[in-house]
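A closer look at the structure
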Amino acid sequence: MKESAVENLVIHSALYGEINILPEQVYHFSNGIIGFEHLNEFALLPYEDSQLFTLQAFSDEIGLMLIPASLTEQHLQFELDKQTIDKLEVKTAEKIIVLYILRIIDGTPYINQKAPIILSTISKKGCQYIVQDDTISVRVPLVLKGGT
Amino acid sequence: MLVLKRKVGEVIRIANDIEVHVLAVEGEVIKLGFNAPKHISILRSEVFEAIKSENINAIVSKPDDTRFVLEKLGLGNKKPNN
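Only a predicted model underlies this, so the values are computations on that prediction, with no experimental measurement involved.

**Side note on the overall build of chain A**
Across its full length, chain A holds one helix and 11 strands. Ordering the α and β elements of chain A from the N terminus gives β-β-β-β-β-β-α-β-β-β-β-β. A globule of 148 residues ought to have a C-alpha radius of gyration of about 15 Å, and chain A, at 16 Å, matches this closely. The C-alpha extent of chain A, read off along each of the three principal axes, is 50 × 35 × 30 Å. Across the 148 residues in chain A, those meeting the buried criterion constitute 50%. For chain A, the share of sequence-separated contacts (at least 6 apart) that also reach a separation of at least 24 residues comes to 50%. Carbon and sulfur atoms form 52% of the exposed surface of chain A, whose accessible area is close to 7,500 Å². Side-chain charges of chain A comprise 11 positive and 19 negative groups, with the mean position of each set lying 6 Å from the other.

**Regarding unusual backbone geometry**
In this structure, Lys 124 of chain A is a non-glycine residue whose phi angle is positive, near 60°. Relative to the elements of secondary structure, Lys 124 of chain A occurs in the loop between strand S9 (117-120) and strand S10 (125-128). Unusually for a residue other than glycine, Ala 15 of chain B sits at a positive phi of about 55°. Examined against the element boundaries, Ala 15 of chain B turns out to sit in the loop between strand S1 (11-14) and strand S2 (18-26). Its relative accessible area of 59% is what places Ala 15 of chain B among the exposed residues.

**A closer look at the side chain of Gln 56 of chain A**
Residue and element names in this part refer to chain A. Looking at where Gln 56 falls in the secondary structure, it is placed in strand S5 (residues 53-57). Residue classification places Gln 56 among the buried positions, given a relative accessible area of 2%. Reaching out from Gln 56, the side chain makes a polar contact with the backbone oxygen of Ile 62 at a distance of 3.4 Å. Ignoring any residue separated from it by four or fewer positions in sequence, one finds Gln 56 in contact with Ile 11, His 12, Ser 13, Glu 41, Phe 42, Ala 43, Leu 45, Glu 61, Ile 62 and Gly 63.

**Examining the interface of chain A and chain B**
At the junction of the two partners, chain A supplies 37 residues and chain B supplies 31 residues. Here chain A meets chain B over a buried area of about 3,100 Å², counting both sides, of which 65% is carbon and sulfur. Looking at the side of chain A facing chain B, the largest losses of area belong to Ile 34, Gln 51 and Arg 103 of chain A, adding up to 17% of the total buried there. For the salt bridge of Arg 103 of chain A with Glu 54 of chain B, the shortest nitrogen-to-oxygen distance reads 2.9 Å. Sorting the residues of the side of chain A that touches chain B by element identifies strand S6 (63-68) and strand S7 (96-105) of chain A as the ones contributing at least two each. For the side of chain A that touches chain B, the residue count by class is 20 nonpolar, nine polar and eight charged.

What counts and how
Residues numbered from 1 in each chain as written. Chains lettered and ligands numbered in written order. Predicted model: local features only at pLDDT ≥ 70, side-chain atom pairs only at ≥ 80, totals over all residues. Heavy atoms only, no water. Helix = DSSP H or I, 4+ residues; strand = E, 2+ residues; numbered from the N terminus. Rg over C-alpha atoms; globule rule 2.2 N^0.38 Å. Buried < 20%, exposed > 50% of the residue type's maximum accessible area, 1.4 Å probe, protein only. Contact = heavy atoms within 4.5 Å. Areas by Shrake-Rupley, 256 points an atom, 1.4 Å probe, with all protein chains shown as cover. Lys, Arg positive; Asp, Glu negative; His and termini not counted. Charge placed at Lys NZ, Arg CZ, Asp CG, Glu CD. Polar contact = N/O pair within 3.5 Å; in protein donor to acceptor, adjacent residues only side chain to side chain. Buried area = accessible area lost by both parts, 1.4 Å probe. Salt bridge = Lys/Arg side-chain N within 4 Å of Asp/Glu carboxyl O. Nonpolar A, V, L, I, M, F, W, Y, C, P; charged D, E, K, R; others polar.

Shown next as structure tokens:
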């Protein structure tokens, strides 16, 4: 059997050390992520045994912590524009996952509600989507669903 | 930097397919309209810079950072029936 190049991916992460990546964990970001436009390949990895994820770049020591928007009280309704739908090769809404980038400042978790990470689990494409609404902020304190 | 003077109602064209319309001038505020292909992202610079800054500052490099978050959020374990 011929071995594919992506079958045995190992990337180095400051968080995990050397890690093996499964092909289904790989997402292609054709436009990169704002600030890291040079990076196109990322691995979406469950963080330990939590419900959080890290999005780990392949070729750089860049990892972001992500929280599924569905776990927060801040699950926005927004309509994806056609350009984004085409970019992600999306067929139906069910195949889309929306995650917020987490940032900790002085022990308080914040999410970037304005620019979530959107992934298509079928096409394995991703992008950072910008919500076109001036009232939505890039930094809001995280409120967990059902949390206090 | 290329500097052009335009009046209200006039248009600037960038490459073959991008148009910038000067729609109105109200005191210090200029209202611009853009016609561009869908793949061209048009954003206020401060929005772009704010997102970029948040992204760069959100990079996690130490396992301690993330463990702290898990504990803080009580997200350390999956639901039992998973």
